[in-house]
Amino acid sequence: MTDSPRAETKKFDTEVNQLLRLMINALYSNREIFLRELISNASDACDKLRFMALTDDQLKGLDEGLRIEVRVDDEAGTLSVSDSGIGMSREEVVDNLGTIARSGTRQFLENLSGDRQRDASLIGQFGVGFYAAFIVSDRVVVETRRAGEPPETGVRWQSEGHDEYQLEPVSLDRTGTSVTLHLASDHRDLLNAHRIEAIIRRYSNHIAFPIHLVAGDENRVVNDTQALWARPRAELQDSDYESFFTSLTGDPGKPLSWAHHHVEGSQRYSLLLYLPGQAPFDLLYNRDELSGLKLYIQRVFIMDAAEQLLPRYLRFLRGVVDAADLPLNVSREMLQDSPLLHRIRGTVTARGLKLVEKLANEGGQPWEQFWKQFGSVLKEGVIEDAEHREKLAGLLRFHSTSEEGSSSPRVSLDDYIARMPEEEEHIWYLTADSLAAARSSPHLEAFAAAGREVLLLDERIDEWLVGHLPEYKGKTLKSATRGPEAEDKTADHDEDSLKLAGRIKASLGERVGNVRPSRRLHRWPSCVVAEEQGVSVQMQKLLRQAGHELPESKPDLEFNPTHELLALMTMESDQERFDDLAALLFEQALLAEGGELADPAAYVRRVNDLLVRLLGSQPPDSPQ
Ligand code: ADP
């Protein structure tokens, strides 16, 4: 490194160190992404300058002829990526290249699994920005000068990618940034113009600024700078849309489908929307990461506008909106309130839903892949978007008792309705922690016996979902655990059963609501039934886990008078033992439901007492 007296050495943030180490280890086979990351930064820098020049007279003129240059220098063993964009001041260099500023990268780090292949594919998919330069380099030098600032404000930053970097002031003729990579010996094969051209075409073909590839005497533009979304559909092939998707998202896979429209009329805009094939790793829990939709005005990039243009539950959509009629010098704040954006948002939502609907109608593997990746997010829509609730509900897919062993949920509400007997008014469902728990629930016995289908809802969000979907196409959704309707309340039970019910209620006291005999059970001795208007056992558990205090709720207990355990209880005259059995009957029913016991230790003690008594009265056979 240089030892200029004005140079200064600084330490990286610990997180940067972590990232650097990881990258060099994990990314060997995915190394090409470094170029995509650097070109994308260069393009962002050009976008920024163009945007700022709209309102800042000092920058006027600088935004003409914006370009990116990728230079291959065989002799020096270097590759460089330069741009004539916004550049950085010294302070910005320290902030941007010495720490991990962007939250996405930090979250990415938190999500690392330690599994090298999986981590590598994550980085490949999402990128780690500038630091990707160190995948292939043993030294990186950045020279930059902020647009509008004098030559002597230039900064040189360099690092070997361990612990520290050096900073020194330099005088630079031109504004903008150049990043020079001194390739490590095992990556020198990248000093090949054809190879670099192929990588640029693969990932960066649709960057809006010309990318000049310079090698020896050669200097040519290698990308297609025309805005694809502005071209007529008839001119475009599937492969054009697919390569644009990769260059827009960095996702090397193919999109599942796309929609491209030119909206004419009083307000003109172009819209290109994609359904990606792969969900970002943080799709579910990062509801605020909204960078999928880019807003352009007359081909000038204005901002990531997913927040303004997409409802949250469609945050998996990717694409571009280009409005022809907005003034270019509009501020971001003004944009937020623009009636045109409101209208565009309506169109984007409708078109996005149509895209999903079309995929659903076509069915097959692409739809299944979509559902697996994004189904849970779509469920948020039923909760949040009353206007499109019915349409969204029609897209949902569930497991069901009619589909033994299918690994992915396939039954729609319409399928269910088509199969249900004419006189049936309800769509029955059961929520549970897992599919296995749902399938073995005692509540299903009576439905199975009557040949009635029950939807099995095994995702966390499902409990909220059904809370917001009281009915679908005139049929009410109803929990299979809820209410005695599943059985005829007035049905005659013999006096012994009614007496037993009274005894059990007296024994359990305030822990339960009603206790009654039931014919809905066959193999199971008992089940709990949420009060008709009460909160289900599953919902109570989720709410408690989320830290809510809930009033003590009392489920009803139903028991199966023909079960052997109940026959034994009828004959039990010892009150203490009867109390134990009654408590067990109740606790088992709660457990089978996936509920939580108020006093698990007492339950274990009771079971152990019984075991000891049982085994004690039947000593093991003594060896012959
Ligand atoms: P990201 O680009 O996702 O923000 P990076 O690690 O790639 O993350 O870059 C960090 C920051 O450094 C950028 O946000 C930008 O402010 C700055 N930067 C990187 N490359 C350039 C460049 N070529 N010109 C101007 N600024 C840059």
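Before any of the text, the structure's been laid out above.
Before we go on, may I ask you to explain the overall build of the protein chain in this structure?
What the protein chain contains, in helices and strands, is 21 helices and 22 strands. Taking all 624 residues of the protein chain together, 51% fall into the buried category. Accessible area for the protein chain stands at about 30100 Å²; split by element, carbon and sulfur atoms hold 47% of it.

Help me understand helix α20 (residues 575-592), please; the structure alone is not making it clear to me.
Since the α-helix advances by 3.6 residues per turn, residues separated by three or four positions end up pointing in the same direction. Helix length check: α20, at 18 residues, gives a terminal C-alpha distance of 26 Å against a target of 26 Å (1.5 Å per residue), a fit within 8%. All of the buried residues in α20 are Phe578, Leu581, Ala582, Ala583, Leu584, Leu585, Phe586, Glu587, Ala589 and Leu590. On its buried face, α20 sits against α17 (495-508), β21 (526-529), β22 (556-559), α19 (564-571) and α21 (600-617). Looking at where α20 begins, the residue whose side-chain oxygen comes 2.9 Å from the main-chain nitrogen of glutamate 576 is aspartate 574. Within two residues after α20, glycine 594 carries a phi angle of roughly 80°, on the positive side.

How should I be thinking about the pattern of salt bridges in this particular structure?
Close approach of charged atoms allows side chains of opposite charge to pair. One pass over the structure, following the stated rule, counts 34 salt bridges. One salt bridge in this structure joins glutamate 218 and arginine 220, with 2.6 Å as the shortest N-O distance. Given the relative accessible area of 35%, glutamate 218 is considered partly exposed. The class for arginine 220 is partly exposed, based on a relative accessible area of 29%. Taken together, the salt bridges that share partners define one network made up of Glu197, Arg201, Glu218 and Arg220.

Would you mind going over the sheet that holds β22 with me for this structure?
Two pairing modes exist for strands in a sheet, parallel and antiparallel, and in both the strands are linked by backbone hydrogen bonds. One open sheet holds the three strands; their spatial order is β20-β22-β21, and the pairing between them is mixed. The sheet is open, and its two edges are formed by β20 (515-517) and β21, each paired on a single side. In this sheet, neighbouring strand axes are inclined to one another by 25° on average, regardless of whether the strands run parallel or antiparallel. Summarising the sheet, β20 and β22 pair through three bridges and their orientation is parallel. Pairing of arginine 516 across the sheet is with glutamate 558, part of β22.

I'm lost on a nonpolar patch on the surface in this one. Help?
Judged by side-chain polarity, Leu611, Leu614 and Leu615 come together as a nonpolar surface patch covering roughly 280 Å² of accessible area. Within the secondary structure, leucine 611 sits in helix α21.

I keep staring at the pairing of β22 and nothing clicks. Help me out?
Consecutive residues of a regular strand have side chains that alternate between opposite faces of the sheet. Because side chains alternate across β22, one face comprises the buried residues Asp556 and Glu558, and the other comprises Leu557 and Phe559, equally buried. Sheet topology places β21 next to β22; four bridges connect them, and they run antiparallel. Note on β22: the bridge partner recorded for serine 526 is phenylalanine 559.

Please explain the nonpolar core as it appears in this structure.
Soluble globular proteins tend to pack their nonpolar side chains together in the buried interior. Within the largest apolar cluster, 71 residues are counted, with the highest numbers of intra-cluster contacts made by Leu275, Phe316, Ile344, Phe370, Leu378 and Leu455. Of all the elements, helix α10 (residues 339-362) adds the most residues to this core, at nine residues. Shared between two domains, this core holds at least three residues of each, these being domain 2 (228-365) and domain 3 (397-485). Every residue in contact with leucine 455, bar those within four places of it in the chain, is listed here: Phe398, His399, Ser400, Val411, Leu413, Tyr416, Ile427, Trp428, Tyr429 and Leu430. Core analysis: the second largest hydrophobic core is formed by 57 residues, Met23, Leu59, Val72 and Ile199 among them.

Explain the sheet that holds strand β12 (residues 293-297) to me, please; I cannot follow it from the model alone.
With respect to topology, five strands assemble into an open sheet ordered β10-β11-β14-β12-β13, the strand pairing being mixed. With one partner strand each, in any of the chains shown, β10 (257-263) and β13 (300-304) form the two edges of the open sheet. Going from strand to strand, the sheet's axes swing by 15° on average, the running direction of each strand aside. On top of the sheet, α10 reaches β10, β11 (269-275), β12 and β14 (318-323); it is set at about 35° to β11, its chief contact.

Could you clarify how one ought to interpret the environment of arginine 21 in this entry?
With respect to the secondary-structure elements, arginine 21 resides in helix α1 (residues 14-26). Placed 114 residues apart in sequence, arginine 21 and isoleucine 135 show a C-alpha to C-alpha distance of 9.5 Å.

Even after reading the chapter, I still don't get unusual backbone geometry, so can you show me in this structure?
Look at aspartate 163: it is not a glycine, yet its phi comes out positive at around 45°. With respect to the helices and strands, aspartate 163 occurs in the loop between β5 (154-159) and β6 (164-170). At lysine 473, a residue that is not glycine, the phi angle is positive and equals roughly 45°. Looking at the secondary structure, you find lysine 473 in the loop between β18 (471-472) and β19 (475-479).

What exactly am I supposed to notice about the packing of aromatic side chains here?
Two aromatic rings are characterised by how far apart their centres lie and by the angle between their planes. Taken as a whole and assessed by the stated rule, the structure comprises 17 aromatic pairs. Between phenylalanine 130 and tyrosine 131, the ring centres sit 5.6 Å apart and the planes meet at 70°, which makes this aromatic pair edge-to-face. The pair phenylalanine 130 / tyrosine 131 is uniform in exposure class, with both members buried.

When you look at the packing of α19 against α20 in this model, what are you seeing that I'm missing?
How two helices sit against one another is set out by the angle between their axes and by the gap between those axes. Packing of α19 against α20 brings their axes to within 10 Å, and their N-to-C directions diverge by 155°. As judged from the angle between their axes, α19 and α20 are roughly antiparallel. Every pair of crossing elements has a handedness; the one defined by α19 and α20 is left-handed. Residue-level inspection shows Leu565, Leu566 and Met569 of α19 in contact with α20, the latter providing Phe578, Leu581, Ala582 and Leu585. Grouping the constituent residues of the contact of α19 with α20 by class yields seven nonpolar, no polar and no charged.

Would you explain the pairing of β10 in this entry?
For β10, the tally of buried residues reaches five of seven residues, placing the bulk of the element in the interior. Pairing between β10 and β11: seven bridges, direction antiparallel. If you follow histidine 262 over to β11, its bridge partner there is serine 270. Counting the residues in the hairpin turn of β10 and β11 gives five residues, including glycine 265, whose phi is positive at 115°.

Would you take a moment to explain the packing of α17 against α19 for this structure?
In the contact formed by α17 and α19, the axes pass within 11 Å of each other and the chain directions differ by 80°. Overall, the two elements α17 and α19 adopt an arrangement that is roughly perpendicular. Contacts between α17 and α19 involve Leu500, Arg503 and Ile504 from the former and Leu566, Met569 and Thr570 from the latter. Looking at the contact of α17 with α19, its residues break down into four nonpolar, one polar and one charged.

Cut-offs and rules
Residues numbered from 1 in each chain as written. Predicted model: local features only at pLDDT ≥ 70, side-chain atom pairs only at ≥ 80, totals over all residues. Heavy atoms only, no water. Helix = DSSP H or I, 4+ residues; strand = E, 2+ residues; numbered from the N terminus. Buried < 20%, exposed > 50% of the residue type's maximum accessible area, 1.4 Å probe, protein only. Areas by Shrake-Rupley, 256 points an atom, 1.4 Å probe, with all protein chains shown as cover. Expected span 1.5 Å × (residues − 1). Contact = heavy atoms within 4.5 Å. Polar contact = N/O pair within 3.5 Å; in protein donor to acceptor, adjacent residues only side chain to side chain. Salt bridge = Lys/Arg side-chain N within 4 Å of Asp/Glu carboxyl O. Pairing = 2+ DSSP bridges. Axes fitted to C-alpha atoms, helices over the stretch in contact; angles between N-to-C directions. Patch = residues over 30% accessible without salt bridge, like charges linked within 9 Å, V, L, I, M, F, W, Y side chains within 5 Å. Core = buried A, V, L, I, M, F, W, Y, C linked by side-chain atoms within 4.5 Å. Domains from an automatic or database assignment. Phe/Tyr/Trp six-rings, centres within 6.5 Å; stacked < 30°, edge-to-face > 60°. Parallel < 35°, antiparallel > 145°, perpendicular 65-115°, else oblique. Left-handed = near helix turned anticlockwise from the far one by under 90°. Nonpolar A, V, L, I, M, F, W, Y, C, P; charged D, E, K, R; others polar.

Function cannot be read off these values alone, since they describe shape.
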